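Residue-level listing of the chains:
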Amino acid sequence: IKDVKDKVENHGYKLSDFAILSRTNNELGLYETRLSDDDIPVRISGGKSFYDKAEIVDIISYLRIALDVNDTQSFQRIINKPNRYISKSIINNHADKSYNNNTNIEYELHHSKDLGRAKGNINNLLKVIEDIRSRIEDMSAYDIIKYVYERTNYKKDQIEAKATTLTEYYNKTESLDSFLESSR
């Protein structure tokens, strides 16, 4: 990256003169992070961004909701990851209540009297979020991502249970491992 910046700044090269070839998208995560840190734009050709992978977005969503209680989109993404058997009608109803009452979905779920059988699962989710929230300020990025990964039992519930092939299992596991390593 230093060589690229030097050649652009001092030797007349353009950023479009450079490319990084990668055999797998998992290898791109580290490059995307480092290039973005140095304000070098990244364009992915022939695949999607490492950070657009479902397993990466899920973990980031847990972090986002821990940092911003009003992030309804992240909350709705993780509410059933792993599957907590919380119906879409409960989620949508409480999202609407939070909007109408100028609160957040977490508050509405916590104070709701009409959750039925989902109450225990919702309380478990709220406990997970609170556990992450209570640790996020005192942990390194690596440690908090690892904590989210372990606390949510993501590998077992989202990867092992849902991967339909061994290749898919290894790809998703490798993505999460690369994400974790990129946070060091």
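Here the structure is a predicted model, which means the values were calculated and not measured.

## Topic: the overall build of the protein chain
Counting its regular elements, the protein chain contains 10 helices and zero strands. The linear arrangement of helices and strands in the protein chain, starting from the amino end, is α-α-α-α-α-α-α-α-α-α. In terms of overall dimensions, the protein chain has a C-alpha envelope of 65 × 40 × 30 Å along the principal axes. Taking all 184 residues of the protein chain together, the buried fraction comes to 36%. Partitioning the contacts of the protein chain with sequence separation of at least 6, the portion at a separation of at least 24 is 52%. With 28 positive and 30 negative side-chain charges, the protein chain shows a separation of 5 Å between the mean positions of the two kinds.

## Describing the environment of Leu 67
Counting through the fold element by element, Leu 67 comes out in helix 3 (residues 54-67). Note: C-alpha distance between Leu 67 and Thr 103 (36 residues apart in sequence) is 16 Å. Excluding its chain neighbours within four sequence positions, the residues that come into contact with Leu 67 are Ile 136 and Glu 137.

## Considering the nonpolar core
Among the nonpolar cores identified, the biggest contains 37 residues, and Phe 75, Leu 109, Ile 122 and Ile 132 are the most heavily contacted of them. For this core, the secondary-structure elements that each account for two or more residues are helix 3, helix 4 (72-78), helix 5 (88-100), helix 6 (105-110), helix 7 (119-136), helix 8 (141-151), helix 9 (154-160) and helix 10 (166-182). Looking at this core element by element, the count peaks at seven residues for helix 7.

## Overview of unusual backbone geometry
In this structure, Pro 82 follows Lys 81 across a cis peptide bond, with omega equal to 5°. Here Pro 82 is to be found in the loop between helix 4 and helix 5. The phi torsion at Asp 39 lies on the positive side, around 60°, for a residue other than glycine. Mapped onto the secondary structure, Asp 39 falls in the loop between helix 2 (28-37) and helix 3. On the accessibility criterion, Asp 39 (70% relative accessible area) is exposed. A positive phi angle, close to 60°, is found at Tyr 85, a residue other than glycine. When you line up the elements, Tyr 85 lands in the loop between helix 4 and helix 5.

## Observations concerning the packing of aromatic side chains
According to the stated counting rule, one finds three aromatic pairs in the structure shown. Taken together, a centroid distance of 6.2 Å and an interplanar angle of 80° make the contact between Tyr 51 and Phe 179 edge-to-face. Taken together, the residues Tyr 51 in the loop between helix 2 and helix 3 and Phe 179 in helix 10 connect sequence positions 128 residues apart. Given a relative accessible area of 22%, Tyr 51 falls into the partly exposed group.

Rules of the game
- Along every chain, residues carry numbers that run from 1 in the direction the sequence is written.
- Local features in this predicted model are restricted to residues of pLDDT 70 or higher, and side-chain atom pairs are both shown and tallied only at a pLDDT of 80 or more, whereas totals for entire chains, interfaces and linings draw on every residue.
- The side-chain numbers reported here are obtained from all heavy atoms of the structure, hydrogens and water having been left aside.
- Put simply, DSSP H or I for four residues or longer makes a helix, DSSP E for two residues or longer makes a strand, and each gets a number counted from the N terminus.
- Burial status follows relative accessibility: with a 1.4 Å probe on protein chains alone, a residue under 20% of its type maximum counts as buried, one over 50% as exposed, and anything between as partly exposed.
- The contact rule is simple, with two residues in contact once any of their heavy atoms fall within 4.5 Å.
- In this tally Asp and Glu are treated as negative and Lys and Arg as positive; neither His nor the chain ends contributes.
- Charge positions come from single atoms, namely NZ of Lys, CZ of Arg, CG of Asp or CD of Glu.
- The criterion is simple. A nonpolar core is a set of buried Ala, Val, Leu, Ile, Met, Phe, Trp, Tyr and Cys residues joined through side-chain atoms within 4.5 Å.
- Two rings from Phe, Tyr or Trp (for Trp, the six-membered ring) form a pair when their centres are within 6.5 Å of each other. A pair whose planes differ by under 30 degrees is stacked, one over 60 is edge-to-face, and the rest are tilted.

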